[in-house]
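# Fold and geometry: a report
Letter by letter, the chains look like this.
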Amino acid sequence: MSPGEKPDPLPDIFILQPPVFHPVVPYVTTIFGGLRAGKMVMLQGMVPEDAHRFQVDFQCGCSLHPRPDIAIHFNPRFHTTKPHVICNTLQHGRWQAEARWPHLTLQRGASFLILFLFGNEEMKVSVNGQHFLHYHYRLPLSRVDTLGIFGNILVEAIGFLNINKVPCSCALPRGLWPGQVIVLRALVLSEPKDFETWSYLDVEEHCGPARTFLQITSTRSHQHQDLAQCLAFSKPTINAVTIVFWKQLWLEMDKGSRNWRAWNSPLSGVSS
């Protein structure tokens, strides 16, 4: 990239929204890039002992008057004789037919991890690692741009992830340049393998007719004491790894240990 040249706008898939820790409820926030198929929202927290109900709303806007449409209303209720979850859609100020799921796995006084995974036609919800429900969209997913959390709930963390199949590859139309930062954020599963290897970049070096590839990899061990940041991943959590590109070095910072590692490698020719 030449001096003064402005980069192209990032596609939605590259928009990285930082996690939120210990927000005060009620809590409303914008979803960067809106919702689309392949996106996942993580909600981690605890249900108070005296909780009656709480709700997670995926809204079409954040206005107070008129009330915005709610594409997906996720509403666990604990105060009835048979605790259950209600899902519904609010359009033009009117609720549609309720969808009800009994056998609520959330419990008063207990911690939880809820994952909302958005597909092409429906949302799937898992609670503490177990699939719980799926809800077909009644409004276009592309209209959703706001997350709202209300009611009796203590929220510890909210995470936003763009789901990509592994292995995955993303093109870098303008290549890399000094000072650029790439952040890889991932959800480590509850039972990770002994070694997780992530391939970050393929570097193409053009030397006349010859063409070679240099693959930059980072290996995580879930057994060795010297990689303490991985030992904390005993349950599903979000991990972010930052790679900074500066001149002839690849630099990686481990989130847990705050240690940096570097490789000697040229930036020219990096395309994916």
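As a convention, each chain's residues are numbered from 1 in the sequence order in which they are written. This being a predicted model, a pLDDT of at least 70 is required before a residue's local features are given, and a value of 80 or more before pairs of side-chain atoms are given or counted; all residues contribute to the totals for chains, interfaces and linings. Computation of side-chain values covers all heavy atoms of the structure but excludes hydrogens and water.

Secondary structure elements follow DSSP: runs of H or I no shorter than four residues count as helices, runs of E no shorter than two count as strands, and numbering proceeds from the N terminus. When its secondary structure is counted, the chain shows one helix and 19 strands. Expressed as a percentage of its 272 residues, the buried residues of the chain come to 42%. By the convention used here, residues are in contact when the closest approach between their heavy atoms is within 4.5 Å. Intrachain contacts of the chain at a sequence separation of at least 6 include 61% that bridge at least 24 residues. Only the protein chains shown count as cover for residues, and the accessible areas themselves come from Shrake-Rupley with a 1.4 Å probe. Of the roughly 15400 Å² of accessible surface on the chain, 56% is carried by carbon and sulfur atoms. Relative accessibility under 20% of the residue-type maximum defines a buried residue, over 50% an exposed one, and the middle range a partly exposed one, all with a 1.4 Å probe and only protein chains included.

Moving on, we get to the packing of aromatic side chains. Side-chain rings of Phe, Tyr and Trp, where Trp is taken by its six-membered ring, are said to pair if the distance between their centres is within 6.5 Å; with planes under 30 degrees apart they count as stacked, over 60 as edge-to-face, and otherwise as tilted. All chains considered together, the criterion is met by five aromatic pairs. Ring centres 5.1 Å apart and planes at 80 degrees place the aromatic pair Phe58 and Phe118 in the edge-to-face group. Residue Phe58 is found in strand E4 (residues 54-60), and its partner Phe118 is found in strand E9 (residues 111-118); the two are separated by 60 residues along the sequence. On the basis of relative accessible area, Phe58 is assigned to the buried category, the value being 0%. Residue classification places Phe118 among the buried residues on the basis of a relative accessible area of 1%.

Bringing the environment of His84 into the picture now. Along the chain, His84 turns up in strand E6 (residues 84-91). Once the C-alpha coordinates of His84 and Leu104 are considered, the two residues, 20 residues apart in sequence, prove to be 5.0 Å apart. Discounting residues that sit within four places of it in the chain, His84 has contacts with Asn75, Pro76, Arg77, Arg100, Trp101, Pro102 and Leu104.

Our focus in this paragraph is the nonpolar core. Take the buried residues of types Ala, Val, Leu, Ile, Met, Phe, Trp, Tyr and Cys, join any two whose side-chain atoms come within 4.5 Å, and each joined set is a nonpolar core. Formed by 42 residues in total, the largest nonpolar core has its most connected members in Phe58 and Phe116. Beyond its immediate chain neighbours, meaning those up to four positions away, Phe116 contacts Lys39, Met40, Val41, Leu43, Val56, Phe58, Phe74, Met123, Lys124 and Val125.

To continue, consider the pattern of salt bridges. The term salt bridge refers to a side-chain nitrogen of Lys or Arg lying within 4 Å of a carboxyl oxygen of Asp or Glu. Enumeration over the complete set of coordinates arrives at three salt bridges. Here Arg143 makes a salt bridge to Asp69, at a shortest N to O gap of 3.1 Å. Remark: Asp69 occurs in strand E5 (residues 69-77) and Arg143 occurs in the loop between strand E11 (130-136) and strand E12 (146-151); sequence separation between them is 74 residues. Ionic pairing is found between Glu98 and Arg77, a salt bridge with its closest N-O pair at 4.0 Å. One end of the pair, Glu98, is in the loop between strand E7 (94-95) and strand E8 (99-101); the other, Arg77, is in strand E5, with 21 residues separating them in the sequence. For Arg77, a relative accessible area of 17% corresponds to the buried category.

Inspection of the secondary structure assignment puts Gln17 in the segment before strand E1 (20-21). The exposure class assigned to Gln17 is buried, which follows from its relative accessible area of 5%. Taking the C-alpha atoms as reference points, Gln17 and Gly33, 16 residues apart in sequence, are found 9.0 Å from one another. A polar contact of 2.8 Å, which involves the side chain of Gln17, links it to the backbone nitrogen of Phe32. Here a polar contact is recorded for every N or O atom pair within 3.5 Å, except that within protein the pair must consist of a potential hydrogen donor and a potential acceptor, and residues adjacent in sequence are included only if both atoms are side-chain atoms.

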